[in-house]
Amino acid sequence: MENLHSAVESLIHGSNTLFILLGAVMVLAMHAGFAFLEVGTVRQKNQVNALSKILADFAVSSLAYFFIGYWVAYGVNFFGPAGAMTADNGYALVKFFFLLTFAAAIPAIISGGIAERSKFGPQLCATVLIVSFIYPLFEGMVWNGNFGFQAWLLERFGASFHDFAGSVVVHAFGGWLALGAVLMLGTRNGRYRDGRLVAFAPSNIPFLALGSWILIVGWFGFNVMSAQTLQGVSGLVAVNSLLAMVGGTLAALLVGRNDPGFLHNGPLAGLVAVCAGSDLMHPVGALFTGVVAGAMFVWAFTATQNRWKIDDVLGVWPLHGLCGLWGGIACGIFGQQALGGVGGVSLVSQLLGTGLGVALALAGGLLVYGVLKSTLGIRLSAEEEYYGADLSIHKIGATSHD
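No experiment lies behind these values; they were computed from the predicted model shown.

Draft legend 1. Region of interest: the pattern of salt bridges. According to the stated counting rule, one finds 6 salt bridges in the structure shown. The salt bridge partner of Lys-53 is Glu-38, with a shortest N-O separation of 3.1 Å. One end of the pair, Lys-53, is in helix H2 (residues 47-74); the other, Glu-38, is in helix H1 (residues 2-41), and 15 residues separate them in sequence. Judged by relative accessible area, Glu-38 falls into the buried class, the value being 1%.

This is how it looks when you write it as structure tokens:
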């Protein structure tokens, strides 16, 4: 019986380790989606820079999170002997890998907002600060119960703040950090003339679409595998993610009047919004959540660029910031049993948790990029921006016509 028990334990730990490893790899692949979405959206003279930023940011994020960020969020470090890390088939290490891919999504989100005019080195410095301290502060409060915030919500309102896969912890947080960065950076030269918007057309719609599809597929690892164990996996999360994606796509198609940029960002808006409550909502609630998110993205992107003159190149604040905010609130609405949800969620807790995330992210973005702006400088010169970040920073263009 002892041998049987040991064999079962080994199978469970091995299966859980493999499960979360597959999730980590799927979310890692999503970074290619971030890269190609940006490559297709920016002008051709900035394509190399877009690809380089995403990869360099991931590398820097990995070190920052391994040595500092994960310890800040969860009180765990990996400075002990390697032999101790093999416990439970190395599950603790793979869990770090999985959560790292979430942390590294933050600078990938910001990258799209500050494209075409940001300096390369200072952005890597910002990545270190954000992934080491700013993001783990809120991540630990929500997903590890740090500082007693979740316990207070549970005691006061009957439920803690629920964010199953990061609508607020990852997406809204990244989007509001990006807004701070974009405001500190300013608009691209020539983007507005006589107070009117000048269109900068995407350089490559096929690359933009490829980035969207890579993100869509990887998102099922992002959401479903946030269960982190085989025992916790739920088909409800998968179907809710699917229907939210579809709802976002169709809403963006209709409201965006067949614009391919809106169409391919619509599914991402739906997926951002459903992350928080994908394990609680009824599929019809998830569909409605996605529809609202897709329409919200089109409206907010248009208003941001035209009315408010905020030059957020990929619309990461509308897509991640606002749709993530909506996702945190939608979880508190459609997670209720009265609307077909699983229950165990408080709308007040969702509002407070979402509001705290937004406040910390915006303050963090303004602080980090404000300090870097006054010390290192965060913007390319007018001449460098004119020739493009590819030639100015990387000394090579995206294509050769020789």
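Next comes the rest of the description.
Draft legend 2. Spotlight on the environment of Gly-261. Checked against the element boundaries, Gly-261 lands in helix H9 (residues 260-274). In this structure Gly-261 comes out as buried when scored by relative accessible area, which is 15%. Separated by 98 residues in sequence, Gly-261 and Ala-359 have C-alpha atoms that sit 29 Å apart.

Draft legend 3. Molecular detail of the layout of surface pockets. Quantified by volume, the largest pocket comes out at close to 610 Å³. Looking at the largest pocket, it is lined by 28 residues, and the ones nearest its centre are Phe-200, Pro-202, Asp-259, Phe-262 and Phe-301. Of all the secondary-structure elements, those providing two or more residues to the lining of the largest pocket are H1, helix H7 (205-224), H9 and helix H10 (283-307). Element by element, the count of residues in the lining of the largest pocket is highest for H10, at 5 residues. Of the residues belonging to the lining of the largest pocket, the class tally is 15 nonpolar, 6 polar and 7 charged. Here the second largest pocket is characterised by a volume of approximately 180 Å³. Taken together, Tyr-74, Lys-95, Phe-98, Leu-99, Phe-102, Trp-143, Asn-144, Phe-164, Ser-226, Ala-227 and Gln-228 make up the full set of residues lining the second largest pocket. Among the elements that line the lining of the second largest pocket, the one with the most residues is helix H3 (residues 91-113), at 4 residues. The residue makeup of the lining of the second largest pocket, split by class, is 7 nonpolar, 3 polar and 1 charged.

Rules of the game
Residues numbered from 1 in each chain as written. Predicted model: local features only at pLDDT ≥ 70, side-chain atom pairs only at ≥ 80, totals over all residues. Heavy atoms only, no water. Salt bridge = Lys/Arg side-chain N within 4 Å of Asp/Glu carboxyl O. Helix = DSSP H or I, 4+ residues; strand = E, 2+ residues; numbered from the N terminus. Buried < 20%, exposed > 50% of the residue type's maximum accessible area, 1.4 Å probe, protein only. 1 Å grid on protein atoms, 1.4 Å probe; cavity = no way out; pocket = protein on both sides within 12 Å on 5 of 7 lines; lining within 4 Å. Points joined across faces, edges and corners; volume = space filled by probe spheres on them. Nonpolar A, V, L, I, M, F, W, Y, C, P; charged D, E, K, R; others polar.

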